[in-house]
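Examining the three-dimensional arrangement
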Amino acid sequence: MVLNYLWAAFFLIAFAIALFQLIVFQDVGIFQELVASTFESAELGFEISLGLTGVMTLWLGLMKVGERGGVVDILARLVGPFFNRLFPGIPNNHPVFGSILMNFSANMLGLDNAATPLGLKAMREMQALNPDKDTASNAQIMFLVLNTSGLTLIPISVMVFRAELGAADPSDVFIPILLATFFSTIVGLIAVALYQRINLLNPVIVAYLGSLMLLIVGLIYYFSTIPQEQVAVISTVASNVILFSVIISFIALALIRKVNVYDAFIEGAKEGFSVAISIIPYLVAILVAIGVFRAAGALEMLVEGLGYLFGLTGLNTDFVPALPVAFMKPLSGSGARGMMVEAMNTYGVDSFVGRLAATIQGSTETTFYVLAVYFGSVGVTRTRYALVCGLLADLAGVIAAICIAYLFFH
């Protein structure tokens, strides 16, 4: 319901601002820009869906091989005690836990192309357990909020952009991003747990989360002890070695169990095309709304207004030029990426604003995109409190990114 009103608000606000500019400032081209943005955004939505087709075909095929070979079942049992408490509506050791774990792992490694099809598969498996097909289940909401909070252990793409733009040390944002995204994930988890009355102080949950924190601390310590120029290289190599090792383990175990690997892959791959086609309307809808909102200048006005208000409080406002990335990130990943690059080019890739923009970019995921694509792929129209919790996680990530950037770079 919230997404319904918000989607309409994007258009109404854009129309009001454009009308104001036409009447007051005689901007005769503003409505042409709005209409042009609708066509461009619709085309972009289709292109993204088309681009996902091949990736989803590949990964859904590999997941079918993993299911037949038993790897997914092994993964499900490995995280079962933890996930059984976070997702009490899913039967113990259900195979969907394997898909959820694979999705989270791909996100942590910064492998977005692999994470999306794995996440869509997890959503479809949870939808099969959902008694009310139009309404998001508790399990689906918990999954999506943790997904949109974007816990990333290795922010490869951000470091690559910084390297391309000539940063003296492209990996200097590694620890700030890791900390910011951790706060985002924890706040998202707490928000959903409060709604669903999940006891996060359960010894099993505490043990798993504690282990994750130790892993993060260990990564921070390791990367702080090696030459900084090696961080990006090691991160990239490690991520892709792990990913390809997963693929090999799927195939190898399936062969050991005498599974027809090729037939299993083809069976799973056939689902990829239909899933990609099904998400086109949802993706086009959200991207067009975001496009007109941005084309009307509403986003720019919002940032300038907040900058003025922060200035009145006497706070240091050096962070304000990076806020466009924060506002665009929940709406569009490509848009936020463009804002980040623009900030780096304008203020300098190694400036406070440039580093803060990179930290914000890596701190959360694209909430509206994820909700539109994931819920749209299974036909869920009533998202309940998923958007609220997702945006709370985003807000926590942005605030943490700003505070941590001041601590590290200001």
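Here the residue index of a chain counts from 1 through its sequence in written order. Owing to the predicted nature of the model, reporting of local features is limited to residues with pLDDT of at least 70; listing and counting of side-chain atom pairs is limited to 80 or more, with chain, interface and lining totals taken over all residues. Derived side-chain values reflect all non-hydrogen atoms in the structure, with water molecules and hydrogen atoms excluded from consideration.

A few points about the overall build of the protein
- Counting secondary structure elements, the protein contains 18 helices and zero strands.
- Here the C-alpha radius of gyration of the protein, 22 Å, is about what a compact globule of 410 residues would show, namely 22 Å.
- Taken across its 410 residues, the protein has 53% of its residues classed as buried.
- Should any heavy atoms of two residues lie within 4.5 Å, those residues are counted as being in contact. Residue pairs in contact within the protein that sit at least 24 positions apart in sequence constitute 78% of those at least 6 positions apart.
- Entry remark: accessible area of the protein is about 18000 Å², with carbon and sulfur atoms responsible for 68%.
- Of the side chains in the protein, 18 bear a positive and 25 a negative charge, and the two mean positions are spaced by 16 Å. Working definition: helices are DSSP H or I runs of at least four residues, strands are E runs of at least two. Numbering for both runs from the N terminus. Here the radius of gyration uses the C-alpha set of atoms, whereas the globule reference equals 2.2 Å times the residue count to the power 0.38. Partly exposed describes any residue whose relative accessible area lies between the buried limit of under 20% and the exposed limit of over 50%, with all areas from a 1.4 Å probe on protein chains only and scaled to the type maximum. Accessible surface area values rest on a Shrake-Rupley calculation with a 1.4 Å probe, where residue burial reflects the displayed protein chains alone. All tallies of charge rest on Lys and Arg as positive and Asp and Glu as negative; His and the ends of each chain are not included. Note on charges: their place is set at NZ of Lys, CZ of Arg, CG of Asp or CD of Glu.

Thoughts on the nonpolar core
- Ranked by internal contacts, the top residues of the largest apolar core, which has 118 residues, are Phe 83, Leu 86, Phe 87, Phe 97, Ile 100, Met 126 and Phe 143.
- The element that contributes the greatest number of residues to this core is helix α18 (residues 386-409), accounting for ten residues.
- In contact with Ile 100, not counting residues within four places along its chain, are Phe 83, Phe 87, Ala 122, Met 126 and Phe 143.
- Working definition of a nonpolar core: buried Ala, Val, Leu, Ile, Met, Phe, Trp, Tyr and Cys residues. They are joined through side-chain atoms within 4.5 Å. Grouped together as the second largest cluster of nonpolar side chains are ten residues, Leu 151, Phe 182, Phe 223 and Ile 226 included.

Observations concerning the pattern of salt bridges
- Salt-bridge detection follows one rule: a side-chain nitrogen of Lys or Arg within 4 Å of a carboxyl oxygen of Asp or Glu. The final tally for this structure, using the stated rule, is five salt bridges.
- Of the charged contacts in the structure, one is a salt bridge between Glu 125 and Lys 121, with a shortest N-O distance of 3.3 Å. Here Glu 125 and its partner Lys 121 are both found in helix α5 (residues 112-129), four residues apart, which amounts to about one turn of the helix.
- Relative accessible area serves as the criterion here: at 7%, Lys 121 is assigned to the buried category.

Some remarks on helix α11 (residues 261-278)
- Look at α11: 27 Å from first C-alpha to last across 18 residues, which is about the 26 Å you get at 1.5 Å a residue.
- Listing the buried residues of α11 in full gives Val 261, Ala 264, Gly 268, Ala 269, Gly 272, Val 275 and Ala 276. All buried residues of α11 fall inside an arc of 125 degrees around its axis, so they share one side. Here a helix's expected span is defined as the number of its residues, less one, multiplied by 1.5 Å. In this description, the arc belongs to the directions extending from the helix axis to the C-beta atoms.

Brief notes about helix α16 (residues 352-363)
- When the terminal C-alpha atoms of α16 are compared, their 16 Å separation across twelve residues agrees well with the 16 Å that a helix rising 1.5 Å per residue should span.
- Most of α16 sits out of view: twelve of its twelve residues are buried.
- Turning to α16, its buried residues number three or more, namely Phe 352, Val 353, Gly 354, Arg 355, Leu 356, Ala 357, Ala 358, Thr 359, Ile 360, Gln 361, Gly 362 and Ser 363.

A few points about a nonpolar patch on the surface
- Each patch is built from residues that are more than 30% exposed by relative accessible area and take part in no salt bridge. Like charges join if they lie within 9 Å; nonpolar side chains (Val, Leu, Ile, Met, Phe, Trp, Tyr) join within 5 Å. Together, Phe 15, Leu 19, Phe 20, Ile 23, Val 24 and Phe 25 make up an exposed nonpolar region whose accessible area comes to about 610 Å².
- Relative to the helices and strands, Phe 20 resides in helix α1 (residues 2-24).

Concerning the packing of aromatic side chains
- Only Phe, Tyr and Trp rings are paired, with Trp represented by its six-membered ring, and only when their centres lie within 6.5 Å; those with planes under 30 degrees apart are stacked, over 60 edge-to-face, the remainder tilted. One pass over the full model with this rule turns up 19 aromatic pairs.
- Taken together, a centroid distance of 5.7 Å and an interplanar angle of 25 degrees make the contact between Phe 104 and Phe 143 stacked. Residue Phe 104 is located in helix α4 (residues 96-108), and its partner Phe 143 is located in helix α6 (residues 138-149); the two are separated by 39 residues in the primary sequence. Judged on exposure class, the residue Phe 104 and its partner Phe 143 are both buried.
- Considering the side-chain rings of Phe 182 and Phe 183, the 6.4 Å spacing of their centres and the 65 degrees angle between planes classify their relative orientation as edge-to-face.
- On the accessibility criterion, Phe 182 (17% relative accessible area) is buried.
- An aromatic cluster is present here, built from Phe 82, Phe 83, Phe 87, Phe 97, Phe 104, Phe 143, Tyr 208 and Tyr 374 joined pairwise through their rings.

Side note on the environment of Val 233
- For Val 233, the location among the structural elements is in helix α10 (residues 228-256).
- Residue Val 233 is classed as exposed on the basis of its relative accessible area, which comes to 51%.

With respect to the packing of α4 against α6
- Close contact between α4 and α6 brings their axes to 10 Å; oriented N to C, the two are set at 15 degrees. Compared by their axis directions, α4 and α6 come out roughly parallel. Of the two elements, α4 crosses α6, and the hand of that crossing is right-handed. Along the contact surface, α4 presents Ile 100, Asn 103, Phe 104 and Asn 107, while α6 presents Phe 143, Leu 146 and Asn 147.
- Side-chain classes follow a simple rule in which Ala, Val, Leu, Ile, Met, Phe, Trp, Tyr, Cys and Pro form the nonpolar group, Asp, Glu, Lys and Arg form the charged group, and the remainder, Gly included, forms the polar group. Across the contact of α4 with α6, the residue classes tally to four nonpolar, three polar and no charged. Fitted lines through C-alpha atoms give the axes, limited to the stretch in contact for helices. The angle between two N-to-C directions lies from 0 to 180 degrees. Angular relationships are summarised with four words: roughly parallel below 35 degrees, roughly antiparallel beyond 145, roughly perpendicular across 65 to 115, and oblique for the angles in between. Note: crossing handedness is left-handed where the near helix turns anticlockwise from the far helix by less than a right angle, and right-handed where it turns clockwise.

Section: the packing of helix α3 (residues 71-86) against helix α9 (residues 203-225)
- Contact pair α3 / α9: the axes reach a minimum separation of 9 Å and the direction vectors enclose 120 degrees. Here α3 is positioned oblique relative to α9, judged by the angle of their axes. Remark: the crossing between α3 and α9 carries left-handed chirality. Only Val 204, Ile 205, Tyr 208 and Leu 209 of α9 make contact with α3, whose side of the interface consists of Leu 78, Val 79, Pro 81, Phe 82, Arg 85 and Leu 86.

Points about the environment of Leu 395
- Structurally, Leu 395 can be placed in helix α18.
- Overall, Leu 395 belongs to the partly exposed group, its relative accessible area being 48%.
- Leu 395 sits 290 residues away from Ser 105 along the chain, and the two C-alpha atoms are 23 Å apart.

Some remarks on the environment of Ile 286
- Its location among the elements puts Ile 286 in helix α12 (residues 280-295).
- Once the C-alpha coordinates of Ile 286 and Phe 10 are considered, the two residues, 276 residues apart in sequence, prove to be 9.6 Å apart.

What about unusual backbone geometry?
- Positioned with a positive phi, Gln 26 is a non-glycine residue whose angle comes to about 55 degrees.
- Relative to the helices and strands, Gln 26 resides in the loop between α1 and α2 (30-69).
- With relative accessibility at 55%, the residue Gln 26 sits in the exposed group.
- Phi at Arg 384 takes a positive value of approximately 55 degrees, unusual for a residue other than glycine.
- Residue position: Arg 384 is located in the loop between α17 (367-378) and α18.

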